[in-house]
Amino acid sequence: MSLLSVENLRVTFPTDHGPADVVRGLSFTLGRERLGIVGESGSGKSMTGRAIMGLVPAPGKVTADQLMFNGKDLRGLSEDERRDLRGTAMSMVLQDPKFSLNPVIRIGEQIEEAMAVHGTLGRRERRERALEALTAVRIKDPERVARLFPHEVSGGMGQRVMIAMMVVLEPALMIADEPTSALDVSVRGQVLDILADLVSRRGMGLILISHDLNMVARWCDRILVMYRGEIVEEIASGALMDAQHPYTRGLVASLPTIDETRDRLPVLDRGKL
Amino acid sequence: MIHVKDLSVSFSDVRVLHDVSFDVATGESFALVGESGSGKSTILKALAGQLPAFTGTLRIGEDNDTDRPFSARDRARQVQMVFQDPYGSLHPRRTIDDTLNEPLLIHGLPDRDSKVIAMLDAVGLPRRFRFRLPHQLSGGQRQRVAIARALMLNPPVLLLDEPTSALDVSVQAEILNLLKSLREEKNLTFLLVTHDLPVVSFLCDRLAILHAGRIVETANTEALRSGQLSSSYGQELFQRSVYG
Amino acid sequence: MITRGWLLSDDPETRMQARLGVSYRLARDLMRNPLAMVGLMIILALLLVAAFAPWLAPYSPVEGTLADRLQPPSAAHWMGTDELGRDILSRVIYGARITLMIVLLVAIISAPLGLLIGTVAGYFGGWVDRVLMGLTDIFLSLPRLVLALAFVAALGPGIENAVIAIAIAAWPVYARIARAEVLTFRNSEFLDAIRMQGASRLRIIARHVMPLCISSTIVRVTLDMAGIILTAAGLGFLGLGAQPPLPEWGAMISRGRSFILDQWWVATMPGFAIVIVSLGFCLFGDGLRDVLDPKQRSRG
Ligand SMILES: Nc1ncnc2c1ncn2[C@@H]1O[C@H](COP(=O)(O)OP(=O)(O)OP(=O)(O)O)[C@@H](O)[C@H]1O
Ligand SMILES: Nc1ncnc2c1ncn2[C@@H]1O[C@H](COP(=O)(O)OP(=O)(O)OP(=O)(O)O)[C@@H](O)[C@H]1O
Ligand SMILES: [Mg+2]
Ligand SMILES: [Mg+2]
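Since the model is a prediction, treat every value here as computed from it, not as a measurement.

Conventions used here
Residues numbered from 1 in each chain as written. Chains lettered and ligands numbered in written order. Predicted model: local features only at pLDDT ≥ 70, side-chain atom pairs only at ≥ 80, totals over all residues. Heavy atoms only, no water. Helix = DSSP H or I, 4+ residues; strand = E, 2+ residues; numbered from the N terminus. Rg over C-alpha atoms; globule rule 2.2 N^0.38 Å. Buried < 20%, exposed > 50% of the residue type's maximum accessible area, 1.4 Å probe, protein only. Contact = heavy atoms within 4.5 Å. Areas by Shrake-Rupley, 256 points an atom, 1.4 Å probe, with all protein chains shown as cover. Lys, Arg positive; Asp, Glu negative; His and termini not counted. Charge placed at Lys NZ, Arg CZ, Asp CG, Glu CD. Near = heavy atom within 4 Å. Polar contact = N/O pair within 3.5 Å; in protein donor to acceptor, adjacent residues only side chain to side chain. Nonpolar A, V, L, I, M, F, W, Y, C, P; charged D, E, K, R; others polar. Pairing = 2+ DSSP bridges. Axes fitted to C-alpha atoms, helices over the stretch in contact; angles between N-to-C directions. Expected span 1.5 Å × (residues − 1). Phe/Tyr/Trp six-rings, centres within 6.5 Å; stacked < 30°, edge-to-face > 60°. Lys NZ or Arg CZ within 6 Å of the ring centre and 35° of its normal. Buried area = accessible area lost by both parts, 1.4 Å probe. Salt bridge = Lys/Arg side-chain N within 4 Å of Asp/Glu carboxyl O.

*Asks:* It is not clear to me how the overall build of chain B should be interpreted in this structure. Could you clarify?
*Replies:* Helix and strand counts for chain B come out as 9 helices and 9 strands. In summary, chain B has a C-alpha radius of gyration of 18 Å against a globular reference of 18 Å for 244 residues, a match within 12%. Expressed as lengths along the three principal axes of its C-alpha atoms, the size of chain B is roughly 50 × 45 × 35 Å. Across the 244 residues in chain B, those meeting the buried criterion constitute 61%. Here the analysis covers contacts within chain B between residues at least 6 apart in sequence; of these, 66% occur between residues at least 24 apart. Approximately 8700 Å² of chain B is accessible, and the part contributed by carbon and sulfur atoms is 45%. Of the charged side chains in chain B, 27 are positive and 29 negative; the average position of the first set lies 5 Å away from that of the second.

In structure tokens:
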């Protein structure tokens, strides 16, 4: 049985010029696997994740023909029931750590806080688990970093803190929105290993939203390509270079390579799509 | 153009940079790559005059007199910075026009209107965006505004802190192309922090690899392209970039 | 030509159009909130009544006919008369001027003061923050009326001193709010960027930090108006605010207290006025908060 099944998901925002659909009729299912979502900025990737989590901001409206998680219909849930689900059963690593972390609370306390809301661990245990989680995301001196405020850690460390916060909860479904965009390749590999471990060992379902095409292509079991709120193509793992849709091919072409000699990179010609 | 010698930085007794030294020539594009948390942004902050305490020698632009530190106003005309996060680096309540005018107002420069319009053209933003607020722009458009703001005072040196890591690949290509042509046009000197080796290969002439607060290797881009980095950490980065 | 489309345009052509567009959106959002509109109506009514008091009031607010003392509400005296035979309606109408003046003066003095202290403390941090916030905390720890009372006692009774005292008692709240707000963005990159352009600290605080705190301060001041009116009335009630024969609402209640059981209208009518005006400010403040709340603004 699939962990998550979504059918005809729509997210609509009212604007000055009438309602605007930012996600238009998305359908997919997710098992205990790694699903990648790619697409350009504004294509609705984050909104899809937020809609599943019940985190679409105020004027936005979510509708769907089906939104089942673990045999449970998510559509009719009250705000309280959703909050219970978030963190214990499903959690999301939000896109920008600078905005998602509270700027006036120390890193360590924020991780402990995340555990306190849903767990029954004692204070000491929470502290230890928080430090372990920081070590797991390869932060070298977790004791020091736990005492820092969010503006005192580097960009990549902030992202790893966000991941550590979600990993300690060991959810059944994790949506990671650009979790590694500020990480160097070697740390990134290790962070992905932690997530992979949760998928294979704990049977977690993972949705990885990213614009790093190469990474997603190598690492995910399946990839959905989104354009203007719709899925334009589904690609099997490793088959990115054989993508059919002109949009996907455009994206691939605009990637620089490590032995780059082109003077200018090709850019998407949106008029032609 | 940029001269860094024995730069060391500590935050409350923890040393994060150890005797970092490198030089960047006029018109050159130099990359800093390395581990997350290794101190790349801290180097840029020191050069930008945003660090209260460090030891070592820093020189930028036409400043030859090491004993007399730059005033903030002088420095502003020598060096500007573009930040990683296009969402956090623009004031949420000021229009693009306000943002681009501000440096001109601070330095009391004339012809503000025409300069703002010329800069919008230079970074490829439609003129009709001039009075929009940041939340009405996409990530890539905001990053163009940030680049435009950095160029308003015509500084010879631009510090770029992961300018495209928050952007998707199609927009990244546009911004990289833009940076490349601006550099050719205005003979700018770039100091670019990134973790993306292909970006280095496209935009830079030389690179330094940082690990745990030290430079472990300085190489030119040819060595990177052909995978001939000498340090073991450099090799690891290369392998991971190519083979995942 | 000013049309809806022109105001809502995504691509304003001039600074003017951009500003008008922002104001238009605010106004439109506010209009969609019926309670806020009720509040606005009450405030506008207060303004009009205060402006046209001499024309609206049927009698003089200070001179009464002793023969008519303590008359119940009637066709001649809609709200009755007080113990000196003065028409209560006329006094309430003139009292609007005093209330409005108090409210405006307090807002003009305390809001900018609180905003300045709060933003300076939040932006600089360190010892500046500790000193300023220590001061703020001392003021905050005392109840507003008690504090105002102490200042009036020191300065002497009278309406000007009452205003000063209330203003001194009111600013710490605004300072706290502004500081808390500044703390959330003081390390933002947009402030790094402006520092790198060589802006002076004064300029950064005045042009970049304060504008982000102004909307929460405005909301708070509006919501506080009710409290300010009540404090002023409280001082008046205790005989330390406006002095007779000024028709200040609080002082009027105080005088009416002696007759509250037999001549209820003497104290009740100004009481109504206080409640309605306070309610008006509260409703409007609530509506403003909904509209100005930055969380409602999209970043995407
Ligand atoms: N509060 C809002 N009101 C109106 N439109 C919004 C709002 N929030 C987001 N949008 C719109 O929804 C669309 C999808 O946004 P989303 O954040 O999902 O994009 P994304 O694919 O995650 O892009 P990125 O790669 O930049 O993160 C965008 O076009 C955006 O403008
Ligand atoms: N204000 C500060 N107070 C304490 N520690 C700090 C402060 N600023 C930076 N650091 C520490 O300095 C180290 C280097 O940070 P820096 O931001 O330079 O890393 P970076 O190389 O840019 O990493 P990334 O690629 O993740 O952005 C980190 O360990 C960080 O915690
Ligand atoms: Mg997104
Ligand atoms: Mg950094």
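There's more to say after this.
*Asks:* Would you explain the overall build of chain A in this entry?
*Replies:* Counting its regular elements, chain A contains 10 helices and 11 strands. Compactness check: chain A gives a C-alpha radius of gyration of 19 Å against a globular reference of 19 Å for 273 residues, within 12% of the reference. Going through the 273 residues of chain A one by one, you find that 54% of them count as buried. In chain A, once contacts between residues fewer than 6 apart in sequence are set aside, the share between residues at least 24 apart is 65%. As displayed, chain A offers around 11900 Å² of accessible surface, 49% of which is attributable to carbon and sulfur atoms.

*Asks:* Could you clarify how one ought to interpret the site of ligand 2 in this entry?
*Replies:* Close to ligand 2 lie 19 residues; Ser154 of chain A together with Ser36, Lys40, Ser41 and Thr42 of chain B are nearest. Near ligand 2, the surrounding residues are drawn from chains A and B. For ligand 2, an oxygen atom lies 2.7 Å from a polar atom in the side chain of Ser36 of chain B. At a separation of 3.5 Å, an oxygen atom of ligand 2 approaches a polar side-chain atom of Glu162 of chain B. At the level of elements, α7 (155–167) of chain A together with α1 (40–47) of chain B are the ones that each hand at least two residues to the shell around ligand 2. Considering only residue class, the shell around ligand 2 consists of 5 nonpolar, 9 polar and 5 charged.

*Asks:* How do you make sense of the sheet that holds strand β8 (residues 173–177) of chain A when you look at a structure like this?
*Replies:* Across a sheet, paired strands are connected by hydrogen bonds in the backbone, their directions being either parallel or antiparallel. All names here are of chain A. Strand order across the open sheet formed by 6 strands is β7-β8-β9-β3-β10-β11, with mixed pairing between neighbours. Pairing within the sheet leaves two strands with one partner each, and these edge strands are β7 (90–93) and β11 (230–236). Strand-to-strand twist across the sheet, computed as the mean angle between neighbouring axes with direction ignored, equals 20°. Across 6 bridges, the pairing between strand β10 (residues 222–227) and β11 is antiparallel. Bridge pairing in β11 places Tyr227 opposite Glu230. Along the sheet, helix α1 (residues 45–53) contacts β3 (34–39), β7, β8, β9 (205–209) and β10; its crossing angle with β7, the most-contacted strand, is approximately 155°. In the packing of α7 onto the sheet, the strands contacted are β7 and β8, and the crossing angle to β7 comes to about 175°.

*Asks:* What's the story with helix α10 (residues 201–237) of chain C in this structure? I'm lost.
*Replies:* Think of an α-helix as turning once every 3.6 residues; residues three or four places apart then point the same way. Over its 37 residues, α10 of chain C runs only 45 Å from end to end, short of the ideal 54 Å by more than 12%, given 1.5 Å per residue. Downstream of α10 of chain C by one or two residues, Gly239 of chain C has phi in the positive range, about 80°.

*Asks:* Looking at this structure, how should I read the packing of aromatic side chains?
*Replies:* By convention here, two paired aromatic rings are described through the distance between centres and the angle between planes. The tally for this structure, following the rule as stated, stands at 7 aromatic pairs over all chains. Pairing Phe52 of chain C with Trp55 of chain C gives two aromatic rings, centres 6.1 Å apart and planes at 65°, and the pair type is edge-to-face. Seen from the ring of Trp219 of chain A, Arg34 of chain A lies directly overhead, with NZ or CZ sitting 4.7 Å from the centre.

*Asks:* Can you walk me through the interface of chain B and chain A in this structure?
*Replies:* One widely used convention gives an interface's size as the accessible area the parts lose upon coming together. The partner chain A presents 40 residues to the 43 residues of chain B that form the contact. Note on chain B versus chain A: buried area summed over both sides is about 3400 Å², and carbon and sulfur give 54% of it. If you sort the residues of chain B by the area they bury against chain A, Ser36, Val169 and Arg240 of chain B come out on top, with a joint share of 17%. The interface formed by chain B and chain A contains 4 salt bridges. Between Lys180 of chain B and Asp263 of chain A there is a salt bridge, with the nearest N and O atoms lying 3.9 Å from each other. Across the chain B-chain A interface, the total number found is 17 residue pairs in polar contact (both at pLDDT 80 or more). Secondary-structure elements contributing two or more residues to the side of chain B that touches chain A are α6 (169–186), α7 (197–203), α8 (221–225) and α9 (232–243) of chain B. Looking at the side of chain B that touches chain A, its residues break down into 18 nonpolar, 15 polar and 10 charged.

*Asks:* Got a minute to help me understand the environment of Val168 of chain A in this structure?
*Replies:* All names here are of chain A. Within the element layout of this structure, Val168 appears in the loop between α7 and β8. Assessed through its relative accessible area of 10%, Val168 is described here as buried. Taking the C-alpha atoms as reference points, Val168 and Arg129, 39 residues apart in sequence, are found 7.4 Å from one another. Excluding residues that lie within four positions of it along the chain, Val168 makes contacts with Met115, Arg129 and Ala133.

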